[in-house]
Amino acid sequence: MLGPSGHSDTFARDNLPPFDQWPELPLAGFDYPEWLNIGVELTDRMVERGFGDRTALIGNGRRRSYKELTDWTNRLARALVENYGVKPGNRVLVRGPNNPAVVACWLAATKAGAVVVNTMPMLRAGELAKIVDKAEIALALCDTRAMDEITACAKESRFLKQVIGFDGTANHDAELDRAALEKPVSFEAVKTGRDDVALLGFTSGTTGVPKATMHFHRDILIIADGYAKEVLGVTPDDVFVGSPPLAFTFGLGGLAVFPLRFGAAATLLENASPPNMIEIIEKYRATISFTAPTAYRAMLKAMDEGADLSSLRIAVSAGETLPGPVFEEWTTKTGKPILDGIGATEMLHIFISNRLGDMHAATTGRPVTGYEAKIVDDEMNELPRGEVGRLAVRGPTGCRYLADERQKDYVRKGWNLTGDSFVQDGEGRFHFAARSDDMIVSAGYNIAGPEVEAALLAHADVAECAVIGVADEARGQIVEAHVVLVAGVARDAGTVKRLQDHVKATIAPFKYPRSVRFADALPKTQTGKIQRFRLREEAKR
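Residues numbered from 1 in each chain as written. Predicted model: local features only at pLDDT ≥ 70, side-chain atom pairs only at ≥ 80, totals over all residues. Heavy atoms only, no water.

S.K.: Hey, could you run me through the overall build of the chain in this one?
M.R.: Secondary structure assignment for the chain yields 17 helices and 25 strands. For 541 residues, the compact-globule estimate of 2.2 N^0.38 gives 24 Å, and the C-alpha radius of gyration of the chain, at 23 Å, lies within 12% of that figure. Oriented by its inertia axes, the alpha-carbon framework of the chain measures out at about 65 × 55 × 55 Å. Across the 541 residues that make up the chain, the buried fraction comes to 60%. Restricting to contacts in the chain with at least 6 residues of sequence separation, those with at least 24 account for 68%. For the chain, the accessible area works out to roughly 20,900 Å², and carbon and sulfur atoms hold 49% of it. Counting 64 positive and 71 negative side-chain charges, the chain places the averaged centre of each group 1 Å from the other. (Helix = DSSP H or I, 4+ residues; strand = E, 2+ residues; numbered from the N terminus. Rg over C-alpha atoms; globule rule 2.2 N^0.38 Å. Buried < 20%, exposed > 50% of the residue type's maximum accessible area, 1.4 Å probe, protein only. Contact = heavy atoms within 4.5 Å. Areas by Shrake-Rupley, 256 points an atom, 1.4 Å probe, with all protein chains shown as cover. Lys, Arg positive; Asp, Glu negative; His and termini not counted. Charge placed at Lys NZ, Arg CZ, Asp CG, Glu CD.)

S.K.: I tried to follow the nonpolar core on my own but got confused; where do I start?
M.R.: Side chains of a nonpolar character, in soluble globular proteins, are inclined to be buried together. Trp106, Leu141, Leu176, Leu232 and Phe258 are the most contacted members of the largest nonpolar core, which totals 93 residues. Residue contacts for Leu141: discarding those within four places in its chain leaves Leu80, Val92, Leu93, Val94, Arg95, Cys105, Ile164, Phe166 and Leu176. Of all hydrophobic cores here, the second largest spans 53 residues; its members include Val117, Ala212, Tyr445 and Ile507. (Core = buried A, V, L, I, M, F, W, Y, C linked by side-chain atoms within 4.5 Å.)

S.K.: What should I look at first to understand the sheet that holds strand S12 (residues 314–317) in this one?
M.R.: In a beta sheet, neighbouring strands are held together by backbone hydrogen bonds and run either parallel or antiparallel to one another. Strand order in the open sheet formed by nine strands is S2-S1-S10-S9-S11-S12-S13-S14-S15, and the pairing between neighbours is mixed. Each end of this open sheet is capped by a strand with a single partner; those strands are strand S2 (62–65) and strand S15 (366–367). Relative to strand S14 (residues 350–353), strand S13 (residues 338–343) is paired through three bridges, and the arrangement is antiparallel. When the sheet's bridge partners are listed, Ile342 is paired in S14 with Ile352. Packing of helix H4 (residues 66–82) onto the sheet brings it into contact with strand S1 (55–59) and S2, and relative to S2 it is tilted by some 85°. (Pairing = 2+ DSSP bridges. Axes fitted to C-alpha atoms, helices over the stretch in contact; angles between N-to-C directions.)

S.K.: What am I meant to see in the packing of aromatic side chains here?
M.R.: Aromatic ring pairs are defined here through the distance separating the ring centres and the angle between the ring planes. Scanning all chains against the criterion turns up 13 aromatic pairs. Ring geometry for Phe351 against Tyr371: centres 6.4 Å apart, planes inclined by 40°, an arrangement best described as tilted. Of the two residues, Phe351 is situated in strand S14 and Tyr371 in the loop between S15 and strand S16 (372–376); the sequence distance between them amounts to 20 residues. Side by side, Phe351 and Tyr371 carry an identical accessibility label, which is buried. Residues Tyr445 and Phe510 carry aromatic rings whose centres are separated by 4.2 Å and whose planes lie at 20° to one another, so their mutual orientation is stacked. In this pair, Tyr445 is assigned in strand S22 (residues 445–447) and Phe510 in the loop between helix H16 (493–506) and strand S25 (515–518), connecting sequence segments 65 residues apart. The pair Tyr445 / Phe510 is uniform in exposure class, with both members buried. The rings of Tyr227, Phe240, Phe250, Phe258 and Phe290 are connected pair by pair, giving a single aromatic cluster. When the ring centre of Trp22 is taken as origin, the NZ or CZ atom of Arg400, which lies over that ring, is 5.2 Å away. Geometry around Phe216 places Arg400 over its ring, the cationic atom sitting 3.9 Å from the centre. (Phe/Tyr/Trp six-rings, centres within 6.5 Å; stacked < 30°, edge-to-face > 60°. Lys NZ or Arg CZ within 6 Å of the ring centre and 35° of its normal.)

S.K.: Whenever I open this one, the state of the cysteines confuses me. Can you help?
M.R.: All told, the structure shown has zero disulfides when counted by the stated rule. With no disulfide partner, Cys105 has as its closest neighbouring cysteine sulfur the one in Cys142, 9.8 Å distant. Using a relative accessible area of 2% as the deciding quantity, one classes Cys105 as buried. (Disulfide = S-S within 2.5 Å.)

Such coordinate-based values are descriptive only and should not be taken to indicate function.
This is the structure in structure tokens:
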């Protein structure tokens, strides 16, 4: 079933799920050679095709052409192999904000045959340790401005042996940069198989225990040659901008894979706030935007104050469902499309989307070419149109967890169950209903309630707590903590801030509870299990 492998370190292939637990992967129309290296396809191959002088990446005050990106990544790849001993199949962690250096490190490690794990700079040492242990990562490449937490992780880790700094500011003044500058610009990339794992995308799930989704070299091309080609119609004249971290597969696709596959340019922002995005759109005349509905609301408000977003030809919305009023206001004010869609880390990118000629408010759209979707009950029976049920999807990409029992929950009878409840209308369009589990989705970020609870319980003032997601107009949902305090602790604003600051210092800051409610006791079953559903019901009243 699998083609040949170029990995001497067989960890990734050894830890794929058993074939009988895989989803069906219809690959018709996505034919690639047996040997394939995505790092080469997005750099050297683009130079060969005549894009060498065109701009590939814009960030931190610099433009880099496809030829410059190719040379840079070849030098980095040589350094990884010759100075740091990277072997094909080794896992390499990359940590940093959205900037060209992070993209270059990802591509270079891929050229060296590594399996890359991109991570957000917001993650703390404890969160990084779970990723390092799961993937048995020995080498990390880190922006020198974000070294503290990964260094702390390495000190306690039995796997992580080397943390090498790179300069994300474009000054090229860090250990990895200095090593690379001494190398020639040519590099014979590792001959990896199209079915070799190229990328591990981590997703926390509802338990806070990370799951690693395994993506092949071919998968990375499939999302470009499928969604980006069909839905976005990317051309070399496009300029991409967006807010999702490159550590998310949504961000890696929209801000690296899609533009580089088609000779377009990507603008990268370390702080992709709506004002900063607007500035970049105006400065570089960006044409395709990737962000969440929260940011589009802010951009609409800015237009009333004179912001010029006229260069955008497509706005892509994902991360949370796009409210109908935002769709209507955007299309009315800009005269341009805003395309809602749904993707998943397990599926790598968007698999159901609105189209330029077929977009409607409050709908997620139809499956991308190559994918099928249906609404099913708990026994996998397809439900009639108009009934809410579980979303099941299959296509050329699909869920393969790294050595994880939860594979059997996500894949059933060859279909991927995304954990979302949807309804399909009479015309075949899909409409989001709700998350099927307790995941909190806030401003496009997935937050596992139990992880926030664990952080709160580590504070001396907290006796018990329960965390839920509550509706919020600006963010979709916010994290709300219901806290029983230790006797004698004041129920005041000072305690709220103290607990919020503690969570921010313990786990990634975006996970902190924006609402904290104090209680005498939490609702429980007779066996002592907290009844979070009762808290959610109360929040709706």
